[in-house]
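In case you want the letters, here they are:
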Amino acid sequence: MSDLNHSLYEDFPQYAARIRQLKEENETFARLASEYHKLDHSVRGLEMRNIPTTDDNFEQMKQRRVQLKDQLLKMLQ
């Protein structure tokens, strides 16, 4: 179980201004960031509350979160 906040601003503080800029100016980045935020919120909620979910479903959610983070980081760099 992890209660760590994996927000983009927490994980990439050096890109805070760039994150804000891309959210406003790049529709694709904004959409992916929104999906990432919602997914991260769901994953952390399940972890913190020990809500039953299938292992496969939970692992798929976490894998998608990693994929999104990788995509977003590439766009930030």
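Residues numbered from 1 in each chain as written. Predicted model: local features only at pLDDT ≥ 70, side-chain atom pairs only at ≥ 80, totals over all residues. Heavy atoms only, no water.

Participant: Just checking my understanding: could you explain the nonpolar core for this structure?
Facilitator: Grouped burial of nonpolar side chains is what soluble globular proteins tend to show. In this structure, L8, F29, L72 and L76 are the most contacted members of the largest nonpolar core, which totals 16 residues. Counting residues per element, this core draws most heavily on helix α3 (residues 27-49), at seven residues. Beyond its immediate sequence surroundings of up to four residues, L76 is in contact with F12, Y15, R18, I19, L22 and F29. (Core = buried A, V, L, I, M, F, W, Y, C linked by side-chain atoms within 4.5 Å. Buried < 20%, exposed > 50% of the residue type's maximum accessible area, 1.4 Å probe, protein only. Helix = DSSP H or I, 4+ residues; strand = E, 2+ residues; numbered from the N terminus. Contact = heavy atoms within 4.5 Å.)

Participant: Even after reading the chapter, I still don't get the packing of helix α2 (residues 16-25) against α3, so can you show me in this structure?
Facilitator: For the pair α2 and α3, the least separation of the axes is 6 Å and the interaxial angle reads 110°. With respect to their mutual orientation, α2 and α3 come out roughly perpendicular. Both α2 and α3 take part in a crossing whose hand is left-handed. In this structure, α2 uses I19, L22, K23 and E25 to contact α3, whose residues at the interface are E27, F29, A30 and A33. Of the residues contributing to the contact of α2 with α3, the split by class is five nonpolar, no polar and three charged. (Axes fitted to C-alpha atoms, helices over the stretch in contact; angles between N-to-C directions. Parallel < 35°, antiparallel > 145°, perpendicular 65-115°, else oblique. Left-handed = near helix turned anticlockwise from the far one by under 90°. Nonpolar A, V, L, I, M, F, W, Y, C, P; charged D, E, K, R; others polar.)

Participant: It is not clear to me how the confidence of the model for the protein should be interpreted in this structure. Could you clarify?
Facilitator: Detailed conclusions should not be drawn from predicted coordinates in areas where pLDDT is low. Looking at the protein, the pLDDT average stands at 90 and 91% of residues meet or exceed 70. Mean pLDDT per element in the protein: α3 is the minimum at 92, and α2 is the maximum at 97. (pLDDT = per-residue confidence, 0-100.)

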